[in-house]
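Residue strings, one per chain:
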Amino acid sequence: MNDTQPPRAPGRRLAFPVSRASELLSEVLDALDQVIVGKRAELSLVLAGVVAGGHVLIEDLPGLGKTLAARTLAATLGLDFRRAQFTPDLLPSDLTGSSIYRPDAGRWEFQPGPVFTGLLLADEINRTPAKTQAALLEAMQERQVTIDGTTHTLPAPFHVIATANPIEHEGTYPLPEAQLDRFLLRLSFGYPSAEEEWEVVRRRFQRRRDEPQVDAVMDAAVLTAVQDAVEDVHVSDEVGRYIVALVTGTREHEHCLAGASPRGSLALAGIARAWALLQGREYVTPQDVKHCAVPALAHRVTLRPELWLAQVTAAQVVVEVVSSTTVPDTVPRATTTEQR
């Protein structure tokens, strides 16, 4: 991994051009493919969410590889990994940490919780009460926690991959829309095909153990440099206005009680830039925006209550908005370098 790092002066951060950052991300996806079968498209979105500096919510059935995907992603990115199982009796301090008195030292010492890591898997986030959910979401937003009046900064980079079971409702505490908005994107993996499922079983036989192993492609410093490269991905005025038009369209749709906020525009722009980086481009196209629209916007839309019986979903609304919004005819290929 050392040969991936360009020379740098002491105390300065790494810097990667878009092309090199894209190559590294392709290596990460190739490594993930060795462990997770048939989910490269979904994993690409999860990776784009991390590269864009955000957090990801995976809403899916049990046993479809959510935990394995999070653990493997952390390993390939060279990040420390912690898993927190959310339960009804989980307290905020169980996540953030607490102060413990040390009689031998005669003082209180802070004992960090699982949020002090590079990538946290918040497993079944909808099974814990609102107070604990709020503690995690505050850490996600502020990148810090305050315990007994003292502020503790979380590691950088810090990302959360949260999971939720969409079919079990007894004993759950669904995330309010305002808290869902803190996740950059929401997606699901879905069932594998029969061939993909057999490949999962075959690989288990081949490796002769339950847990697969994967090598790190980068480390925290390199990931930070790749995240910085997202800022070099250009969004033209036409594409920017197209993003805003899509978000505005969710507010005006007849099925919506409330559409996406301006945070939705920022989120869609950020994930589209990261997606373009994964494709090796220094500019965002309308197709990038359309590809990311549903995972970036659907969880930010509140439908009218009476539509529940009609089985209308927020994803369907976003798809309708995308199909009815005029796409820019041309995309200037100016990059930040050319603009200088």
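Draft legend 1. Spotlight on the packing of aromatic side chains. Inspection of the entire model under this criterion finds three aromatic pairs. The interplanar angle of 70 degrees and the centroid separation of 6.4 Å between the aromatic rings of Trp 198 and Phe 205 together place this pair among those described as edge-to-face. A residue is classified by how much of its surface remains accessible, and Phe 205, at 55% relative accessible area, is exposed. In this structure, Arg 281 is placed above the aromatic ring of Tyr 283, and the distance from its NZ or CZ to the ring centre is 5.6 Å.

Draft legend 2. Molecular detail of helix α7 (residues 194–207). Helix length check: α7 (14 residues) gives 20 Å between terminal C-alpha atoms against 20 Å at 1.5 Å per residue, within 8%. Just downstream of α7 lies Arg 208, where phi reads positive at about 65 degrees.

Draft legend 3. Spotlight on the state of the cysteines. Tallying each qualifying case throughout the model produces zero disulfides. Left without a disulfide partner, Cys 256 is nearest to the cysteine sulfur of Cys 292, which lies 20 Å away. By relative accessible area, Cys 256 is classed as buried at 4%.

Draft legend 4. Highlighting the pattern of salt bridges. For the coordinates displayed, the defined rule picks out 16 salt bridges. A salt bridge links Glu 109 to Arg 107, with the shortest nitrogen-to-oxygen separation between them at 3.1 Å. The class of Glu 109 is partly exposed, set by a relative accessible area of 27%. Relative accessible area serves as the criterion here: at 45%, Arg 107 is assigned to the partly exposed category. Residues Glu 231 and Arg 273 are paired through a salt bridge, measuring 3.5 Å at the closest nitrogen-oxygen approach. Here Glu 231 is found in the loop between α8 (220–229) and α9 (237–252), whereas its partner Arg 273 is found in helix α10 (residues 262–278), with 42 residues between them in sequence. The structure contains a network of salt bridges with shared partners spanning Arg 20, Glu 23 and Glu 27.

Parameters and conventions
- Residue indices begin from 1 for each chain and proceed along its sequence in written order.
- pLDDT decides what is reported in this predicted model: residues at 70 or higher carry local features, side-chain atom pairs at 80 or more are listed and counted, and totals for whole chains, interfaces and linings draw on all residues regardless.
- Note that the side-chain values use all heavy atoms of the structure and ignore hydrogens as well as water.
- Ring geometry is summarised as follows: Phe, Tyr and Trp rings, the Trp one being its six-membered ring, pair when their centres sit within 6.5 Å, and such pairs are stacked at plane angles under 30 degrees, edge-to-face over 60 and tilted between the two.
- Note on exposure labels: buried denotes an accessible area under 20% of the residue type's maximum, exposed denotes more than 50%, and partly exposed covers the range between, all computed with a 1.4 Å probe on protein chains only.
- Lysine and arginine charges are scored as sitting over a ring when NZ or CZ, respectively, is within 6 Å of the ring centre and within 35 degrees of the ring normal.
- Helix and strand labels come from DSSP, where a helix needs a run of H or I of at least four residues and a strand needs a run of E of at least two; each type is numbered from the N terminus.
- A helix is expected to reach a length of 1.5 Å times the quantity of its residues less one.
- Disulfides are defined as pairs of cysteine sulfur atoms found within 2.5 Å of each other.
- Every case where a carboxyl oxygen of Asp or Glu lies within 4 Å of a side-chain nitrogen of Lys or Arg is listed as a salt bridge.

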